[in-house]
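# Summary of the model geometry
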Amino acid sequence: NNRGMIENSYTVKVQNMTEVPQVFILSVSGLNTAHIIGDTQLQVAAGENLSLPTVVEVSPEALTDTHNDITFNIRAEGDATLGARTESRFLGARR
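So, here is what we can say about the structure in this document. If you're wondering where the values come from, they're calculated on a predicted model, not measured in any experiment. (Residues numbered from 1 in each chain as written. Predicted model: local features only at pLDDT ≥ 70, side-chain atom pairs only at ≥ 80, totals over all residues. Heavy atoms only, no water.)

### Quick notes on the pairing of strand β7 (residues 79–91)
Note: strand β6 (residues 67–76) against β7, 10 bridges, orientation antiparallel. Considered in β7, the bridge of H67 is made with L91. Joining the antiparallel neighbours β6 and β7 is a turn of 2 residues, in which G78 adopts a positive phi near 85°. (Pairing = 2+ DSSP bridges. Helix = DSSP H or I, 4+ residues; strand = E, 2+ residues; numbered from the N terminus.)

### Notes on the sheet that holds strand β5 (residues 49–58)
Taken together, the 3 strands give an open sheet; going across it, the order is β1-β5-β3, and neighbouring strands pair in antiparallel fashion. Every interior strand has two partners, whereas the edge strands, β1 (6–15) and β3 (35–37), have only one. For this sheet, the mean inter-axis angle between neighbouring strands, taken without regard to orientation, is 45°. One ladder, built from 3 bridges, connects β3 with β5; its direction is antiparallel. Within the sheet, the bridge partner assigned to H35 lies in β5 and is E57. (Axes fitted to C-alpha atoms, helices over the stretch in contact; angles between N-to-C directions.)

### Let's talk about the nonpolar core
Counting residues in hydrophobic clusters, the biggest one holds 21 residues, and the most contacted among them are V14, L42, V56, V58, F72 and F90. Looking at this core, the elements with two or more residues in it are β1, β2 (22–29), β4 (41–44), β5 and β6. When residues in this core are grouped by element, the largest group, 4 residues, is from β6. Residues within four places of V14 in sequence aside, it is in contact with F24, L42, V44, E48, N49, L50 and I74. (Core = buried A, V, L, I, M, F, W, Y, C linked by side-chain atoms within 4.5 Å. Buried < 20%, exposed > 50% of the residue type's maximum accessible area, 1.4 Å probe, protein only. Contact = heavy atoms within 4.5 Å.)

### Topic: the pattern of salt bridges
The final tally for this structure, using the stated rule, is 2 salt bridges. Between R3 and E57 there is a salt bridge, with its nearest N and O atoms 2.4 Å apart. Residue R3 is located in the segment before β1, and its partner E57 is located in strand β5; the two are separated by 54 residues in the primary sequence. Judged by relative accessible area, which is 2%, E57 ranks as buried. (Salt bridge = Lys/Arg side-chain N within 4 Å of Asp/Glu carboxyl O.)

### Quick word on the sheet that holds β2
Strand order in this open sheet of 4 strands is β4-β2-β6-β7, and the pairing throughout is antiparallel. Among the strands making up the open sheet, the edge pair consists of β4 and β7. Each neighbouring strand pair of the sheet contributes to a mean axis angle of 25°, computed without reference to strand direction.

### Considerations on the side chain of S59
Residue placement: S59 occurs in the loop between β5 and β6. At 2.3 Å, the side chain of S59 forms a polar contact with the side chain of E61. If we ignore the near neighbours within four places in the chain, the residues touching S59 are M5 and T33. (Polar contact = N/O pair within 3.5 Å; in protein donor to acceptor, adjacent residues only side chain to side chain.)

And the structure:
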């Protein structure tokens, strides 16, 4: 991008299996400097399946390989028992 960062695009799918609306907090881990561009607070209606286009940005210096492991984490605001994590890959040129 114009700041020298590398971006990868993903589609994050969130399913609210509760009977009440939930606010979920989305984050990414696994690479230093990795962060989600855009809103990370998701309002999901009861029973709703949400597909969210998501962009993760990483500094080129943080990449150790062309395929780097990252983890998407989601948790319900105010309820630590509701959450999930899933592994993915961040692709970038090796330094």
